[in-house]
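Residue-level structural notes
Here is what each chain is made of, one letter per residue.
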Amino acid sequence: MFYEDSIQHVTLHWTRDDKTNSIIFSQDNSSTKYIITVLTNNLIRIRVWPKGTPVTTRTWAIVDHETNDVPYEGRLRHEIPIIKNNNESCFFKILNDKNQVILSTEKLTCKIHLHKPFAITWIINNEILLQDNPICGYQYDDSIQQFRHTLSRPYIENEYYYYGLGEKSGPIDKKFRRYRMRNMDAMGYNAEYSDPLYKHIPFYITLRHDRAFGLFYDTTYDCTFDMGCEINNYFGNMLYFETKDPDLDYYFINGPLIEHVIEQYTKLTGHCPLAPKWTLGYLGSAMKYTDSLNAQNMLKKFIDNCLKYNIECTGFHLSSGYSMNSDDGKRYVFIWDKKRVPSPLTVTKNFHQAGMKILANIKPAMLTTHPDFNECRSLFIQDEYKNQPDLAPFWGGLGAHLDFTNPNTVEWWKNQIITKLLANGIDCTWNDNNEFNIQNSHAKCFNGQLIESMRSIQTILMVKASYDAQITTNSKSRPWLLTRAACSGTQRYGGTWTGDNYCSWHTLKYNIPMGLNLSLSGFPLIGHDIGGFAGEKPSLELFVRWIQNGIFHPRFCVHSWRPNQNQNQNQNDDDNSENSLWMYPDALPLIYDALNFRKRLQPYLYSLLHEAMITGHPIIRPTVYHFQSDIKCRNQSFEFLLGPWLLVASVYEEHAISRTLYLPSGTKWYNFWTDEIYNGGQMITVSATLDMFPLFVREGALLPFEIEEHLEIRVYPFEEDGTSEFNLYDDDGETMNDYNESEGKFDLQTIRLSCNQRQIRIEPFVIVGKSKAIQWRFPTNEKRFYEITEG
């Protein structure tokens, strides 16, 4: 605990700036300025400038709301306007006396003591929600260029829970962990403990006293979040954010629901695009196919196997082997190896005729032996003397990373995608190995800034350039891309996955909360490499369980790489060393069941994609997302909700024949397979033999299914009184989302359900487009009268 007498006595001065909706604080004998800016009633921005003026002047995270984007050069931080949110007033009032200033909006209050070091106490409904540490709240050490923001942590552990921080290892609640934000190539990571991983997302949600709020630190520098590990007798219980950024710029986002926090965070940093329908199918991949010397034949064999085993594949990830030089074994981005792939157009034509889109792997670094290295010398990140490319280890050699802060690099990159890939029939880009893992902290970017401040920005600009290349080539079709590394805002351009996971039951289990926290961090379009990318081949049982888990994620992709796989240069036969749906013939009936289930779910999944684009809502959700009042949901890590209705209880233990899980309270739950009804708020054990993936449906659910090309909505009525609704969305699945309503290019209807003990009433309301013919299905034990009334 800290002692009041140990708090330094200072004098703070303040002024109000109505032009920017801000209050500016300063302290005697200090150059530091503290700026509090009211953006909405629930959103307040805090800036701290140790030098009195801003040093970090640009942001790539905060979007222009008209475009849902940020220009390549970033946005000037001081030009970010007050957010207009449904005419919500940004008015705030100030009460002050000689000891304190109290700033209040309609929703929350900030209290600042004028005779202690600058610190904010956040108050909602007369309850303290969050406090800066009164002794060491804001500290900048100029000698080591390190900023630390320290918060006081409650003493009662079960009063607070932390979620988010992107793709992080461990259980859903991040309490008592320390995480580092730095884009890292973490091949074969441990999903419970490894850190850092691929993404830089300095945003987390706190749940305390049934109230959620978020903190987003808008920084591009490496940073650390200590979520309660550090103990110091003189400073009290605390948690902190630490960064090399010379300024501090963060946002306090008030809930009170987790959903509200995510809506506001994604309004700040941007919404995801509407993914094309084909991305919801099974996506094939494996490095083995393109790494083979006879890659063109191996790729054709994959297509033939899909036909042979009656498997519908809608997209294929073309691994980087297509660019691996047959003479030296090095991978040269954008250079097709004509020995492995004599005719790229033949390859893409084969895939397209089979109904598959193609995502080509591209990497933002070039080895020194790359044929185009010398002509691109000016496009690379430079060493500290800025007279030659900075070299770093990359894929078996030394290479230089392209500098996407250089406009010439952006144009070169887009031209390469257009002329080398899209012109050869490639549909999309798979942006890989883009962590910019440069060890020389003095390496310089085009604008003169060091790589340490621009690492994550290089990633987002690479992805933006890839996105823009696809838009340029075909402005009518929806662009789609994947990226492995990311920072806040990268969700604006496409989807992602949790990188090079390791094949094990342990990974299957801990990838679940990893994906959930990534979803809570503004990235709804996510998935995992099914079967594990690295390590040994999964057993039949593990592979089936991984597929049964993967079908409930937005991205459903089977992928792998095994360096010990058969590399016989003259191989003609498939040695079955890669993860493929047909690698265990005995498992095929179970795999067919899972694939068919996912296909039937497509109307539901696609409606959730649309919801994510509009609101930022995650598609897979921890149970706490909808049940934050239920204490037992707050650390429920290994079950999740798909949208609002489906509760997925994946099996992650070997030889399991049953599954024990907790059903959230406050509602009842239907067993999807039997229609049996369970009360919420209890632990249950259900059958989970290998042919069964436990699945439950929340009462009130309106669950759209595609059944033999007909739309069926499965209705799960409330046992007693209750109302619910669902927005059903559909379109052609391909064109850009700037639809002309008069042409009826998309259909949106709201379906409402109301129940009492005697009857059930369903009301479909067409919002835009046409009404769909719907078949209705009710649980087998439902005996009440029902009526359907067109709205």
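Residues numbered from 1 in each chain as written. Predicted model: local features only at pLDDT ≥ 70, side-chain atom pairs only at ≥ 80, totals over all residues. Heavy atoms only, no water.

The name an unreviewed UniProt entry gives the protein chain is Alpha-glucosidase, with Rotaria sordida as the organism.

Pairing is mixed across the open sheet formed by 3 strands, whose spatial order is β42-β43-β47. Edge positions in the sheet fall to β42 (701-707) and β47 (774-777), since each has one partner strand and no second. Between one strand and the next, the sheet's axes are offset by a mean angle of 30°, whatever the strand orientation. Contacts from helix α9 (residues 588-600) reach β42 and β43 (710-716), with the element oriented near 115° to β42. Against the sheet, helix α10 (residues 602-615) engages β42 and β43, with an angle of about 120° to β42. (Pairing = 2+ DSSP bridges. Helix = DSSP H or I, 4+ residues; strand = E, 2+ residues; numbered from the N terminus. Axes fitted to C-alpha atoms, helices over the stretch in contact; angles between N-to-C directions. Contact = heavy atoms within 4.5 Å.)

It is worth spelling out the pattern of salt bridges at this point. Tallying each qualifying case throughout the model produces 43 salt bridges. The salt bridge involving E167 is made with K199; its shortest N-O contact spans 2.7 Å. With E167 in the loop between β14 (160-164) and β15 (178-181) and K199 in strand β16 (residues 199-200), the pair connects residues that are 32 residues apart, well separated along the chain. Taken as a pair, E167 and K199 share a single burial class, namely buried. Across the pair D730 and K277 runs a salt bridge whose closest N-O atoms are separated by 2.6 Å. Of this pair, D730 sits in strand β44 (residues 722-731) while K277 is found in the loop between α1 (258-269) and β22 (282-284), placing the two residues 453 residues apart along the sequence. Overall, D730 belongs to the buried group, its relative accessible area being 17%. The exposure class of K277 is partly exposed, given its relative accessible area of 21%. (Salt bridge = Lys/Arg side-chain N within 4 Å of Asp/Glu carboxyl O. Buried < 20%, exposed > 50% of the residue type's maximum accessible area, 1.4 Å probe, protein only.)

A few words now on the packing of aromatic side chains. Any aromatic ring pair is given by two values, namely how distant the centres are and how the planes are angled relative to each other. Across all of its chains, the model carries 52 aromatic pairs by this definition. Ring plane angle 20° and centroid distance 5.3 Å describe the contact between F213 and F252, whose orientation is recorded as stacked. On the criterion of sequence distance, the pair formed by F213 in strand β18 (residues 211-217) and F252 in strand β21 (residues 248-254) is long-range, its members being 39 residues apart. Side by side, F213 and F252 carry an identical accessibility label, which is buried. Measuring from centroid to centroid gives 5.8 Å for F597 and F705, while their planes differ by 80°, and the two rings are edge-to-face. (Phe/Tyr/Trp six-rings, centres within 6.5 Å; stacked < 30°, edge-to-face > 60°.)

Let us now look at the nonpolar core. Within the largest apolar cluster, 194 residues are counted, with the highest numbers of intra-cluster contacts made by F302, W413, F552, L581 and L642. If we skip the residues at most four places from it in the chain, F552 touches F597, R598, L601, I620, F640, L642, V648, F693 and L695. Residues I94, I112, L114 and Y160 belong to the second largest nonpolar core, which totals 43 residues. (Core = buried A, V, L, I, M, F, W, Y, C linked by side-chain atoms within 4.5 Å.)

When two helices pack together, their arrangement is given by the angle between the helix axes and the distance between those axes. Taken N-terminus to C-terminus, the directions of helix α8 (residues 540-550) and α9 make an angle of 5°; their axes are 9 Å apart at the nearest point. Compared by their axis directions, α8 and α9 come out roughly parallel. Between α8 and α9, the residues in contact are F543, V544, I547 and G550 and L590, I591, A594 and R598, respectively. (Parallel < 35°, antiparallel > 145°, perpendicular 65-115°, else oblique.)

Moving on to helix α4 (residues 344-353). Among all positions of α4, only P344, V347, T348, N350 and F351 are buried. End-on, the buried residues of α4 take up no more than an arc of 155°, which puts them together on one face. In α4, the exposed positions angled more than 90 degrees off the buried face are occupied by K349 and Q353. Of the surrounding secondary structure, the elements contacted by the buried residues of α4 are α3 (295-308), β23 (313-318) and β24 (357-362). After α4 finishes, the residue G355 shows a positive phi value of roughly 80°. (Arc of directions from axis to C-beta.)

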